[in-house]
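# Structure at a glance
Chain by chain, the residues:
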Amino acid sequence: MLLDLTPDGLLATTRSVRKRLDLTRPVEREVLEECLRLAQQAPTASYAQNWHFVVVTDPQRRAALGELWRSAAVLYLERRGAAAATDERIVRLSDSVRYLADHIHQVPVHVIPCVEGRTDHAPVAVQASRWGSIIPAAWSFMLAARARGLGTVWTTFHLRHEREAAELLGIPFETVMQAALIPVAYTIGTDFKPAARHPLDTMVHWDQW
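Residues numbered from 1 in each chain as written. Predicted model: local features only at pLDDT ≥ 70, side-chain atom pairs only at ≥ 80, totals over all residues. Heavy atoms only, no water.

### Description of the overall build of the protein chain
When helices and strands are counted, the protein chain shows 6 helices and 5 strands. Scanning the protein chain from its N terminus toward the C terminus, one meets helices and strands in the order α-α-β-α-α-β-α-β-α-β-β. Against the 2.2 N^0.38 benchmark of 17 Å for 209 residues, the protein chain shows a C-alpha radius of gyration of 18 Å, consistent with a compact globule. Referenced to the eigenvectors of the C-alpha coordinate spread, the extents of the protein chain come out at roughly 50 × 40 × 40 Å. (Helix = DSSP H or I, 4+ residues; strand = E, 2+ residues; numbered from the N terminus. Rg over C-alpha atoms; globule rule 2.2 N^0.38 Å.)

Put into structure tokens, the structure is as follows:
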């Protein structure tokens, strides 16, 4: 069932959800397929669809991915420790990341967007073109998920162990890059609000920087 959201409301309230993921409620395959069909309609930087989604629901594979993810999250939290003492925003973010690290294996679905063709050490133009296909598709998936009462968050911690994740999931590492690991679950409540952001004129530059 779709939530009662306008297009603007959907865009303004699709948040990074960690602590409000419902770890006990299964996500139906048909709902995921609806989101993935919409993701297929995203603009692409290539004339052919050169991207894929690996949807992981198997508990053992999620547990193994969770271990890879958690090991990198611990390093992130250690680095953030000193800054967290003086910045309340970092305190909240770190607490949210720590919660997800403790429960990542319990999130019912892990979605890994992938794109064909590695760009390791390639020029920026090549990298931008390649990521310009999978990232719009992944964001469309996340918007479609929000519209159906699902929560998501774009994470990249597991990419520190991308080769191990590829071996676990049968992804051909030499020819396919993983872009993220997106935890997916129904949310506890659906009343998400727009986030606080800096004034527009602090990040928009007209005609020149």
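From this point on, the discussion continues.
### Structural notes on the packing of helix α2 (residues 29-40) against helix α5 (residues 124-147)
Two elements in contact, α2 and α5, have axes separated by 8 Å at closest approach and are oriented at 140°. In this view, α2 runs oblique relative to α5, as classed from their interaxial angle. Both α2 and α5 take part in a crossing whose hand is right-handed. Two secondary-structure elements touch here, α2 through Leu32, Cys35, Leu36, Leu38 and Ala39 and α5 through Ala137, Ser140, Phe141, Ala144 and Ala145. Split into classes, the residues belonging to the contact of α2 with α5 amount to 9 nonpolar, 1 polar and no charged. (Axes fitted to C-alpha atoms, helices over the stretch in contact; angles between N-to-C directions. Parallel < 35°, antiparallel > 145°, perpendicular 65-115°, else oblique. Left-handed = near helix turned anticlockwise from the far one by under 90°. Contact = heavy atoms within 4.5 Å. Nonpolar A, V, L, I, M, F, W, Y, C, P; charged D, E, K, R; others polar.)

### Quick word on the nonpolar core
In terms of nonpolar packing, the biggest core is built from 28 residues, with Leu65, Trp69, Val97, Leu100 and Phe157 touching the most fellow members. Looking at this core, the elements with two or more residues in it are α3 (59-84), α4 (88-103), β2 (109-116) and α6 (162-169). Counting residues per element, this core draws most heavily on α3, which supplies 7 residues. Judged by nonpolar contacts, the second largest core, of 26 residues, contains Trp51, Phe53, Val115 and Ala145. (Core = buried A, V, L, I, M, F, W, Y, C linked by side-chain atoms within 4.5 Å. Buried < 20%, exposed > 50% of the residue type's maximum accessible area, 1.4 Å probe, protein only.)

### Some points on the packing of aromatic side chains
Applying the stated criterion to the full structure yields 4 aromatic pairs. Here Trp69 and Phe157 contribute two aromatic rings whose centre-to-centre distance is 4.9 Å and whose plane-to-plane angle is 75°, an arrangement assigned as edge-to-face. One end of the pair, Trp69, is in helix α3; the other, Phe157, is in the loop between β3 (150-152) and α6, with 88 residues separating them in the sequence. A single burial state applies to Trp69 and to Phe157, both of which are buried. Taken together, a centroid distance of 5.3 Å and an interplanar angle of 50° make the contact between Tyr76 and Phe157 tilted. Of the two residues, Tyr76 sits in helix α3 while Phe157 sits in the loop between β3 and α6, which places them 81 residues apart along the sequence. Here Tyr76 matches Phe157 in class, with each residue buried. Members of the aromatic cluster, joined through ring pairs, are Trp51, Phe53 and Phe141. For the cation-ring pair, Arg20 lies above Phe192, with the distance from its terminal atom to the ring centre recorded as 4.0 Å. For Arg118, the ring lying beneath its charged end belongs to Phe173, and the centroid distance is 4.2 Å. (Phe/Tyr/Trp six-rings, centres within 6.5 Å; stacked < 30°, edge-to-face > 60°. Lys NZ or Arg CZ within 6 Å of the ring centre and 35° of its normal.)

### Some thoughts on the state of the cysteines
Evaluated as defined, the whole model comprises 0 disulfides. The thiol sulfur of Cys35 is not disulfide-bonded, and the nearest other cysteine sulfur, from Cys114, lies at 18 Å. Owing to a relative accessible area of 1%, Cys114 belongs among the buried residues under this scheme. (Disulfide = S-S within 2.5 Å.)

### With respect to the pairing of strand β5 (residues 182-186)
Judged by how many residues are buried, β5 sits mostly within the fold: 5 of 5 residues are covered. Going residue by residue along β5, you find Ile182, Val184 and Tyr186 tucked away on one face and Pro183 and Ala185 tucked away on the opposite face as well. Here β2 pairs with β5 via 3 bridges, running antiparallel. Following the sheet pairing, Val109 is matched in β5 by Val184. Both β3 and β5 contribute to a ladder of 3 bridges, which runs antiparallel. Bridge pairing links Leu150 to Tyr186 in β5. (Pairing = 2+ DSSP bridges.)

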